[in-house]
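Chain residues, written in single-letter form:
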Amino acid sequence: MAIGSAGSGILLDGGGPRPLRLVAVTHGAPSAANREAIMRLVDGVATARPEADVSIAFVDAQHTDLAAALAESVADPQAIIVPLVLSAGYHMRTGLARGLDRLPVAGAALADPLGPDERIVDVLVARLARLGTLDDEDVSVVLAAAGSNDPRAVRECFETARMLGARLGRPVTLGFIAAAIPRLPDAIETVRAVHPGTRVVVAAYLLAPGAFYDAVVLAGADAVAEPLLLPGEVAPESLVSLVLARADAIAQDQEYRSRV
């Protein structure tokens with residue numbers, strides 16, 4: 001589904017400028033709120049680059065062949081696929097990467113995941129600030145991440161927790177919702193055991209509302225910040241910039257290869 005056009009990352013095609021072709025891919029079984037929030041991000045990308053061709057593909061990774069889903073969404077041999085994921089777990093490194101080899105067109109490229117990145121930390125801090133608790137010395141911060149069986153994705157989540165802690169000037173504990181340890185409820189209880197009387201605030205390292213965010217709300221924290229994207233709100237400029245940066249990095253590489 002094409003939703004707009006976007007452009008400064010361009011390729012040269014026969015000596016003339018060629019608009020960027022960006023396909024944003026998100027996986028899971030999104031709720032209406034999740035879908036709307038993510039659409040806000042892709043709308044922001046299309047608005048920021050009015051000369052580019054921007055589209056989105058929602059892929060249910062548990063019930064859909066990723067390669068088949070990509071084949072339906074990617075018809076341009078110079079398309080750049082940007083996975084709207086915060087860390088490069090199985091679906092990123094294996095499913096989507098292998099799916100590229102089965103596309104009916106050759107040359108489509110897969111961009112890096114969105115995280116870890118300081119622009120995500122910008123939004124995490126802004127979401128925490130809405131709670132009005134960051135100036136309280138008796139508050140401890142826990143970062144809630146979805147979790148993955150891929151150790152590299154787990155390390156990337158720990159890196160985001162480190163970056164957030166550096167920005168806040170206080171330690172940040174990491175807890176996972178699934179597939180990795182420590183689990184979020186255990187992380188919250190550990191913080192309370194180590195710091196009796198502390199108020200535990202959770203930053204949600206999640207792209208949008210959905211089942212994982214619902215689990216964060218029920219994990220036992222004193223307060224929970226909102227996810228990075230929200231339905232009914234314009235996507236943060238830093239996240240729009242991040243998506244475009246991931247696409248531009250691939251576009252520049254493709255342009256370089258076309259010249260050599």
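Student: Break down the sheet that holds strand β11 (residues 223–224) for me, citing the residues and quoting the values.
Tutor: Strands sit in the order β9-β8-β10-β11 across an open sheet of 4 strands; the sheet is parallel. Looking at the sheet topology across the chains shown, the edges are occupied by β9 (172–176) and β11. Where strand β8 (residues 139–145) and β9 come together, 5 bridges link them in parallel fashion. Counted as the bridge partner of V142 is T173 from β9. Sitting on the sheet, helix α4 (residues 118–131) touches β8, β10 (199–205) and β11, and the angle it makes with β10 is about 140°. Across the sheet, helix α6 (residues 184–194) lies against β8, β9 and β10, angled at about 150° from β9, the strand it touches most.

Student: With reference to specific residues and values, describe the packing of aromatic side chains.
Tutor: All told, the structure shown has 1 aromatic pair when counted by the stated rule. Centroid distance F158 to F176: 6.0 Å. Interplanar angle 65°. Geometry classified as edge-to-face. Remark: F176 occurs in strand β9 and F158 occurs in helix α5 (residues 151–168); sequence separation between them is 18 residues. Residue F176 is classed as buried on the basis of its relative accessible area of 0%. Directly above the aromatic system of F58 lies the positively charged group of R35, at a separation of 4.1 Å from the ring centroid.

Student: Describe the pattern of salt bridges, and please don't skip the residues or the numbers.
Tutor: Inspection of the entire model under this criterion finds 12 salt bridges. Residue R40 is joined to E36 by a salt bridge in which the shortest nitrogen-to-oxygen separation is 3.8 Å. Note that R40 and E36 are positioned in helix α1 (residues 32–48) at a spacing of 4 residues, about one turn of the helix. With a relative accessible area of 36%, E36 lands in the partly exposed category. Here D122 and R167 are joined by a salt bridge, their closest N and O atoms 2.7 Å apart. Remark: R167 occurs in helix α5 and D122 occurs in helix α4; sequence separation between them is 45 residues. Within the structure, one salt-bridge network assembled from shared partners comprises D117, R119 and R246.

Student: Tell me about the pairing of strand β6 (residues 80–83), residues and numbers included.
Tutor: The two faces of β6 match: I80 and V82 on one face and I81 and P83 on the other face are all buried. Bridge count for strand β4 (residues 21–27) against β6 is 4 bridges, and the pairing is parallel. Bridged to V23 within β6 is I81. Where β6 lies against strand β7 (residues 109–110), 2 bridges are found, and the strand directions are parallel. Residue I80 lies in a different strand from β7, and its bridge partner there is A109.

Student: Give a detailed account of the nonpolar core, specifying residues and quantitative values.
Tutor: Of all hydrophobic cores here, the largest spans 59 residues; its most connected members are L22, L84 and L164. When residues in this core are grouped by element, the largest group, 8 residues, is from helix α8 (residues 237–259). If sequence neighbours within four positions are ignored, L22 has contacts with V45, D53, V54, S55, I80, V82, V243, L244 and A247. Among the nonpolar cores identified, the runner-up in size contains 16 residues, and I177, L184, V191 and V224 belong to it.

Student: Go over the environment of V142, please, and point to the residues and values.
Tutor: In this fold, V142 is placed in strand β8. Residue V142 is classed as buried on the basis of its relative accessible area of 0%. Separated by 58 residues in the primary sequence, V142 and V200 have C-alpha atoms spaced 7.1 Å apart. Those residues within four positions of V142 in sequence are excluded, and the remaining contacts are V172, T173, G175, L184, A187, V191, V200, V201, V202 and A203.

Student: Tell me about the pairing of β9, and please be specific about residues and values.
Tutor: Regular strands place their side chains on alternate faces of the sheet. Of all 5 residues that make up β9, 4 are buried, and the element is covered over most of its length. For the crossover from β8 across α5 to β9, the handedness is right-handed.

The rules behind each value
Residues numbered from 1 in each chain as written. Predicted model: local features only at pLDDT ≥ 70, side-chain atom pairs only at ≥ 80, totals over all residues. Heavy atoms only, no water. Pairing = 2+ DSSP bridges. Helix = DSSP H or I, 4+ residues; strand = E, 2+ residues; numbered from the N terminus. Contact = heavy atoms within 4.5 Å. Axes fitted to C-alpha atoms, helices over the stretch in contact; angles between N-to-C directions. Phe/Tyr/Trp six-rings, centres within 6.5 Å; stacked < 30°, edge-to-face > 60°. Buried < 20%, exposed > 50% of the residue type's maximum accessible area, 1.4 Å probe, protein only. Lys NZ or Arg CZ within 6 Å of the ring centre and 35° of its normal. Salt bridge = Lys/Arg side-chain N within 4 Å of Asp/Glu carboxyl O. Core = buried A, V, L, I, M, F, W, Y, C linked by side-chain atoms within 4.5 Å. Right-handed = clockwise from strand over helix to strand, strands pointing away.

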